[in-house]
Each structure stands twice: as C-alpha cells, then as structure tokens.
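Chains, contacts and geometry: an overview
Letter by letter, the chains look like this.
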Amino acid sequence: MRVLVIYCHPVPDSFCAALRDAVLDALGEAGHETRLLDLYAIGFDPVMGCAERRAYNEPGNPHPMPEQAEHLKWAEAMVFVYPTWWYGLPAMLKGWLDRVWTPEITFDIPTGPGPIRPKMTHVRKLGIVTTCGAPRWWTHVVGHPGRRTLARGMRALFHKRCRTVFMAHYLMDVSTPDSRAAFLSRVRRKMAAF
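Report follows, based on the coordinates.

Conventions we followed
Residues numbered from 1 in each chain as written. Predicted model: local features only at pLDDT ≥ 70, side-chain atom pairs only at ≥ 80, totals over all residues. Heavy atoms only, no water. Core = buried A, V, L, I, M, F, W, Y, C linked by side-chain atoms within 4.5 Å. Buried < 20%, exposed > 50% of the residue type's maximum accessible area, 1.4 Å probe, protein only. Helix = DSSP H or I, 4+ residues; strand = E, 2+ residues; numbered from the N terminus. Contact = heavy atoms within 4.5 Å. Pairing = 2+ DSSP bridges. Right-handed = clockwise from strand over helix to strand, strands pointing away. Salt bridge = Lys/Arg side-chain N within 4 Å of Asp/Glu carboxyl O.

Our next topic: the nonpolar core. For soluble globular proteins, nonpolar side chains are generally found buried alongside one another. Core analysis: the biggest nonpolar cluster contains 39 residues, and Leu39, Leu72, Met78, Phe80, Leu93, Trp96 and Trp101 have the highest contact counts within it. Of all the secondary structure elements, the ones that give two or more residues to this core are strand S1 (2–7), helix H3 (66–74), strand S3 (77–84), helix H4 (91–100), strand S6 (125–132), helix H6 (145–154) and strand S7 (163–169). In terms of residues, this core owes the most to one element, H4, which gives five residues. Those residues in contact with Phe80 that sit more than four places away from it in its chain are Ile6, Leu93, Trp96, Leu97, Leu126, Gly127, Ile128, Val129 and Leu150. Of all hydrophobic cores here, the second largest spans 23 residues; its members include Ala22, Phe183, Val187 and Phe194.

What follows covers the pairing of strand S2 (residues 33–38). Note: S1 against S2, six bridges, orientation parallel. Within S2, the residue paired with Val5 across the bridge is Leu36. In this fold, the crossover linking S1 to S2 by way of helix H1 (residues 15–29) has right-handed handedness.

Once that is clear, we can look at the pattern of salt bridges. Under the counting rule described, the total for this entry stands at six salt bridges. Among the salt bridges present, the one from Asp38 reaches Arg20, with a minimum N-O distance of 3.9 Å. One end of the pair, Asp38, is in strand S2; the other, Arg20, is in helix H1, and 18 residues separate them in sequence. The buried category is assigned to Arg20, whose relative accessible area is 15%. Taken together, the shared-partner salt bridges connect Arg20, Asp21 and Asp38 into one network.

As structure tokens, this is what we get:
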C-alpha cells in the first residue's frame, strides 16, 4: 500500500522521532511504499488567514496548498505519529488538518440538510501512534479528544471499512527505558502487520 506518515514533533531526538523511525522501518520491511510528511521539518504554517478562511467553503476555489492535497490523493493508508499535549493534537497538526483537509478534496458539503459526503474513500487503513503524559484512565475520563478527532472525525471521511490501529504510550512523563522499549516493540509489530 501507499502509506502517508504524518509526523509532528519539534524535537529531532524525541521519543516520537524514535516512534516515527520504527513506523517507517516496519512499513518498509513489510513492502509498503511510504512518504514521510514531517510538519516541523518542512516548516508547515498551521495558521489559516482571513482570506483563506473566507474561501474555504466556496466551491471551485483552488486548494490553498496543492502539494499537500497531492499527498492526500496519493495515500491508500495514513499513520499519524505525534505527542498528545493537553489531551489533544499539537497545534501544528491541528493546523495541518484545518488547512489541508478542505472541501472538494476530502469531503463534499451538501447543498441542503444532511451529512457531509466523504471523498477520501481510497484510504483503507488508519494508524495512530502517540505518547501521552497522563495515565490511560484519566485520558479516557477527559474524553481522549485527539484520538476522537482522528479515529472518529477524520476516519469518517475514509473507506467505510477502513481499519484503524491506535497505540498510545501513557504516563510518558514518568516513562522508563523499559516502558519505551516495550512500546517501540509493540509499534514495530503492529506496523509490520499493518
């Protein structure tokens, strides 16, 4: 499969970087074609300006970031690798979703009442690999907003039988070399079977 790996972390030698590498290695060894989209490395600007927002819902407008839209069209699967900050997505990643996942490329807005229509039905697998400072139980108490955004909201735009894999290293703030090694091993196994 063609797998787009969306990576978001500002620190080059972070544990998230090790997770990114594990994902890419396992997918490559399994024979998948991968593209890495490192939002910090490319200097992605997550801020949507006034003119861009005004044009967002207007049919026929050119995509504000055609090179990013091309990545979405290319992908048959997507894997997001990011840290969970304040129970959600980093601002950079949220800004990428805001600016790149536009109508006409990823969904159609109905002319009357009714749900949006998905246009990313060529995506059949979704992977989410994250770290989270809070314990699992507390993250679930607050609703796991980052997971919901991707595994429910974004996934609804994919193929109706899209399979989802979610992996989180909870208690990252007090993690140990052993807990990190075990999580890396789990990520490699899951991505090898992706």
